[in-house]
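Residues per chain, in single letters:
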Amino acid sequence: MILQTVHYPGKTRIGHQRQLSLYIPFLSPIFDARKEIIIMTISYNWLSEYLPEIIDPEKLSRILTSIGLEVESLERFQSIKGGLEGLVIGEVLECEQHPNADKLKLTKVNIGTGESLQIVCGAPNVAIGQKVVVATVGTTIYPSTGDPLTMKLAKIRGVESFGMICAEDEMGIGTSHDGILVLPSELVPGTPAATYFQPYSDWIYEIGLTPNRMDAMSHFGVARDVCAYLTHHQKDARVKTPFSNGFKIDNTLLPIKVTVENTVACPRYAGISISGVEVKESPHWLKNRLMSIGLRPINNIVDITNFILHETGQPLHAFDADAIVGGEIIVKNEAEGTVFTTLDGKERKLSSKDLIICNVKEGMCIAGVYGGKESGVTVSTKNIFLESAWFLPSSIRISSVFHGLRTDAATRFEKGVDIDNTVNVLKRAALMIKELAGGELSSEIVDVYPAPLPKTEVSLKHHYLKKLSGKNYHADKVNRILTALGFEILKEGMDELRVAVPRSKPDISLPADIVEEIIRIDGLDNIEIPSTISISPATDLSALKENLKNKIANYLVGQGFIEILTNSITNSKYFTEEVLSKSVKMINNLSADLDILRPSMLETGLETIAYNLNRKNTNLQCFEFGKTYASNGPGEYSEAEHLALYFTGSDQEESWHQKSRSLDIYKAKGIVSAIMQLAGVGGLQLSLVEDAFVLKAGKKEMGSIVAVNNKQLQNFDIKQSVYFVDIDFIALFKLVKQRKIVYKEVNKFPAMQRDLALVVDRKISFDAIDQQVRKTQISKLKQVRLFDVFESDKLGADKKSMALSFTFEDEQKTLTDKEVDAMVGKLINQFEKELGAEIRK
C-alpha cells in the first residue's frame, strides 16, 4: 500500500486482526490532528560533519528513532539523477556520413576497452577527435525531462548502433539539446563520467518532530542528541562544533547604530557590518548542501544565511547596508495600518503588534518573519549588515499568522531559538561570508542584550525518575546523559539532582521533562515492560463504545478495508460560505492550509484518496472513526463522532478466472447493512432519496451513502468515482445500548422460498418495493432479496423486470403450500395496487 505514513506517540487500539495506521497526504510541514508533527529534512553527509565517527546511514536511522527523532523516510539524493552510472568518456575516432540518412553520422568511438564502438549519431556538431560522453548498451540514462531510458543494441536506418553519444540534457546535467557535449581534450577514454563530473550524492532523512523539539530543528541540534546517545551507550562522543575561535574584525569603517525600543519583543539583537562583498553564485559544495534538503540556491549571501539556519537553527537576515538610512537600525512597533512592501513585492498593512526593523526613515523588515523589498540584498550590493537576534515567540507567531507568512525563520523563532548562541552564530556566518563573498568585517559586533535571561532550574528526585520511567538509573548515568545534552549540574544530593536547563531547550521546565530526556537518550526501545499487569475490572461506557468500534473495525478489516486517521484540522477552501458560516475557525492556525476544524469527514478522506491515486494505488476501501466540529453561535461549539467509509476503484483485481468488478453505491449499501446487523441493531431503514441512500432509525436520520459529486472530485484532481458513507456513531451507539439481547431456540421447522418477477416502471427502486412489503405486515416473511434486474424493450416502454426471492418461516409448525401461496398473493395484490406492477410469467 503506497501511503504517506506518519506515526505519533499517542493512544492506539491494537488487535491481532486489525491494523491501525495513520495515513495522510504529504503536506509541508505535516501536521497531526492532535499533535503538530513537523517534518525536518536532514542530510546524512551534513550531519556526519558534526559526529565524532562515521555511522552507517541505516544504523544512524535506528539511533535517531530510538532517541525520539522518528525517521519517517530515508531516501537517496543525487544532484544528477542516476549518478552518471555506466556512462564513460569516449574519443571520436571516425565520423562519416550515414549511408541511408542525410542528417545522421556513422562514428567509431574509443571508450578505453581496446575495441572501438560503432555509434549512429544525429548531432550536427559531432567530429573526429572530440572527447564525449558515451552511454553503452545496458546503461540507463536519466534525461532532464522524460522517463529513464536503457540503451539497447539498435539498428538505425539499416546500420547497427552500439550506444549513444550524449547531449547534456540526455545525461540530466543541463537542458541544452543543441548538440552532443564536447569535453576537454586531455580526458582519457574509458574514464567514468562520474569521475569527471563529480555528481553529489547523499542520504536524506525525514524526521517527524513534535513542536517542543526546537532543539532538533537543525543539523547541529540533531548531532548533539546523537552524540549524547553515543556517550551513554559507547564512549565519550563530543559533537564537533561549527563555531570558530578565530574571529577578528578588519576595521570599523562601517558602523551601524542599533536601538531597541521594544525590549520585551526583542530581548537581544546583534549585528555586524561587512563591506566590499561580491554577490555571486555559491560554490558547488554549498549549493549541494541546500539542494539536498530541498532548498533552491539563490546567491552566496542568501545561501549562507539559509545554510546557517539549517546548521544551527538560528535565523539570520542580511540587509543592504547602503539602504539603512541614517546608519541606524531601530527595532520598534509601527503604527496600525502602516503600508510596507515585502520582498515578494506585495504591499501589506502592518498591525501595531508587528515588530519592525526600521532605519531612521522607514521599516525595512518584519522582524523574524519576512524582509523588505528596498533593503534586500541584490547583485549590486557591496556592503551588508548581518542581523542575528532573539525575538519573543508569541510576537513572531502573531505577525506570521496575521500576514500569512509561514517562513522557515518564523517557524524557528516562534518555537524559540537558543538566545545564548546569538553572537556565536553571527560570527560563524560573518566568517563564511568573508570567505565566500570576500569583503572585510567593518564594525565591532553590536550586541544589545540589556537584561540577560536567567536559565531555568529544575530539581529531579531519583525516586520520581524511577516512578515515571519504571527503571533504576545509576546517578552517574543520569549525570552523563544530562551533561552530554548540555545541562549544567548545579547540585547533587543523595536523592535529588538540580540542573540548569540549556537555553536550546526552552520547553523543559518540569521534573517530568528531565525524565523524558533521560529515557529518550537511554533509548525509547529500552523501556522495560513489567512481567505482570494489574487490572481492576469495571463497567465503563467508554469501554463499551471502544468495544463496538473494535467489533466494527475488525469486520471491516476482514472485508479488505484499511483504517485511516486523517487530520481534523483542514483547509477552508474546500467548503462553501454557507458551511463556513457554521464552522469552527482557528485563531492561531498552524499553517495557511490548516485553518478550520473540519465540518465534514469527506474532504480529509478525499485528500488521502487523492494522495494514493497519484501514486497508482487505485483500488481503495478505507474507514475512519473521527469527529466533526460546528459553531452554534458566539462561544458555543459542538462536536459529533462519525464512522466514515470511502470506496473507489475495483472490489477485486482481475485474474485468469475472474474479471475486475468496480465498487459502487450498492456495495457500500451492503457493507452498511452488514455493520448494522453486526451491531445487533434492527428496524433501521436504508431509503433511496434521489441518488443517495439515507439511513434512518424511525424518523431520525443517522447516516447516508453518496456518490461524491464531480465538483468535489475535481477539487482534489480525482478522476474516478468515489463513494462515501457517513454514519452518526453516537446515534448508533445509543441504539446498541438500548437493545435487549434475547436468546431463542434455532427454528427447527424448514423455511420455504418463493420467487416473483415483477414488471415495474424503470424509476421504481428496490427500496420502494421493500416499503410495500413492510406495509403488508406479514410476520412469517423473514427475508426479501433482489437477485436480478432485467431491462428490455419487449417489456414495454420505460419498464424493467425485478426478480425477488421471499423467505417464509413459522416457529410453531411447518408451513403448507397453501399458506405460503396466500401470503404471496397478498404481496402480489399490494405490488399491483401500489406500484402498478405486473407479474412476469
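Residues numbered from 1 in each chain as written. Predicted model: local features only at pLDDT ≥ 70, side-chain atom pairs only at ≥ 80, totals over all residues. Heavy atoms only, no water.

### Some thoughts on the sheet that holds strand E42 (residues 799-808)
One open sheet accounts for four strands, arranged E41-E42-E40-E43; its pairing is antiparallel. Each end of this open sheet is capped by a strand with a single partner; those strands are strand E41 (781-791) and strand E43 (838-839). Note: strand E40 (residues 752-761) against E42, ten bridges, orientation antiparallel. In the sheet register, alanine 757 faces E42, and the bridge partner there is alanine 803. (Pairing = 2+ DSSP bridges. Helix = DSSP H or I, 4+ residues; strand = E, 2+ residues; numbered from the N terminus.)

### Section: the pairing of strand E6 (residues 131-136)
Within E6, six of the six residues are buried, which leaves it mostly tucked inside the rest of the structure. Because side chains alternate across E6, one face comprises the buried residues Lys131, Val133 and Ala135, and the other comprises Val132, Val134 and Thr136, equally buried. Two strands pair when backbone bridges link them, and strand E3 (residues 87-97) and E6 are joined in this way by five bridges, in the antiparallel orientation. Bridge pairing in E6 places valine 88 opposite valine 134. Bridge analysis of E6 against strand E11 (residues 163-165) gives three bridges, and the strand direction is antiparallel. Its bridge partner lying in E11, alanine 135 is registered against methionine 164. (Buried < 20%, exposed > 50% of the residue type's maximum accessible area, 1.4 Å probe, protein only.)

### Some thoughts on helix H21 (residues 817-835)
Relative to the 27 Å expected for 19 residues at 1.5 Å per residue, H21 spans 26 Å between its end C-alpha atoms, a close match to the ideal helical length. Listed in full, the buried residues belonging to H21 are Val820, Met823, Val824, Leu827, Ile828, Gln830, Phe831 and Leu835. End-on, the buried residues of H21 take up no more than an arc of 160 degrees, which puts them together on one face. In H21, those exposed residues whose orientation departs by more than 90 degrees from the buried face are Lys818, Ala822 and Lys833. (Expected span 1.5 Å × (residues − 1). Arc of directions from axis to C-beta.)

### Some words on the packing of helix H11 (residues 462-469) against helix H13 (residues 511-522)
The axes of two packed helices give the description: the angle between them and the distance between them. Relative to each other, H11 and H13 sit at 65 degrees, their axes nearing to 10 Å. As for how H11 packs across H13, the hand of that crossing is right-handed. Every residue of H13 that contacts H11 at Tyr464, Leu465, Leu468 and Ser469 is listed here: Pro511, Ala512, Val515, Ile518 and Ile519. Looking at the contact of H11 with H13 residue by residue, the class counts come to eight nonpolar, one polar and no charged. (Axes fitted to C-alpha atoms, helices over the stretch in contact; angles between N-to-C directions. Left-handed = near helix turned anticlockwise from the far one by under 90°. Contact = heavy atoms within 4.5 Å. Nonpolar A, V, L, I, M, F, W, Y, C, P; charged D, E, K, R; others polar.)

### Quick look at the nonpolar core
With 108 residues, the main nonpolar core has Tyr269, Ile329 and Ile357 as its most contacted residues. For this core, the leading source of residues is helix H10 (residues 422-437), giving nine residues. With residues near it in sequence (within four places) discarded, isoleucine 329 still touches Ile256, Lys257, Val258, Thr259, Tyr269, Ile324, Ile357, Cys358, Met364 and Phe385. Leu548, Val681, Leu686 and Met702 belong to the second largest nonpolar core, which has 34 residues in total. (Core = buried A, V, L, I, M, F, W, Y, C linked by side-chain atoms within 4.5 Å.)

### Thoughts on the environment of valine 132
Assignment of secondary structure puts valine 132 in strand E6. Dropping the residues within four chain positions of it, valine 132 is found in contact with Val88, Ile89, Gly90, Val92, Ile165, Ile180, Leu181 and Leu183.

### Things to note about the layout of surface pockets
A volume near 1,600 Å³ is recorded for the largest pocket. Along the wall of the largest pocket there are 39 residues; nearest its centre are Ser673, Phe766, Asp770, Arg774 and Val784. For the lining of the largest pocket, the secondary structure elements donating two or more residues are helix H17 (665-679), strand E36 (684-689), strand E37 (692-697), helix H20 (766-776), E41 and E42. Taken together, the residues of the lining of the largest pocket sort by class into 18 nonpolar, 14 polar and seven charged. Estimated volume of the second largest pocket: approximately 810 Å³. Val302, Thr305, Asn306, His317 and Leu343 are, among the 29 residues lining the second largest pocket, the residues nearest its centre. Elements that contribute at least two residues to the lining of the second largest pocket include exactly helix H7 (300-312), strand E15 (316-320), strand E20 (363-366), strand E21 (370-371) and helix H9 (408-415). Ranked by residues supplied to the lining of the second largest pocket, first place goes to H7 with five residues. When its residues are assigned to classes, the lining of the second largest pocket shows 17 nonpolar, nine polar and three charged. (1 Å grid on protein atoms, 1.4 Å probe; cavity = no way out; pocket = protein on both sides within 12 Å on 5 of 7 lines; lining within 4 Å. Points joined across faces, edges and corners; volume = space filled by probe spheres on them.)

### Here's the deal with the packing of aromatic side chains
Pairs of aromatic rings are described using the distance from one ring centre to the other and the angle between the two planes. Under the counting rule described, the total for this entry stands at 15 aromatic pairs. The structure contains a cluster of three or more aromatic residues connected by ring pairs, namely Trp46, Trp285 and Phe307. (Phe/Tyr/Trp six-rings, centres within 6.5 Å; stacked < 30°, edge-to-face > 60°.)

### Concerning the pattern of salt bridges
Two side chains of opposite charge can pair, provided their charged atoms sit close to one another. Scanning the model with the defined rule gives 36 salt bridges in all. For arginine 480, the salt bridge goes to aspartate 236, with nearest N and O atoms at 3.4 Å. Here arginine 480, found in helix H12 (residues 475-484), pairs with aspartate 236, found in the loop between helix H5 (219-233) and strand E13 (257-260); they are 244 residues apart in sequence, far enough to count as distant. Take aspartate 236: its relative accessible area is 57%, and that puts it in the exposed class. In this structure, lysine 549 engages glutamate 641 in a salt bridge whose closest nitrogen and oxygen atoms are separated by 2.5 Å. Here lysine 549, found in helix H14 (residues 541-558), pairs with glutamate 641, found in strand E33 (residues 636-648); they are 92 residues apart in sequence, far enough to count as distant. Pair check on accessibility: lysine 549 and glutamate 641 agree, each one buried. Counted as one network, the salt bridges with shared partners bring together Arg213, Asp215, Asp225, Lys505, Glu517 and Arg520. (Salt bridge = Lys/Arg side-chain N within 4 Å of Asp/Glu carboxyl O.)

By themselves these figures say nothing about function.
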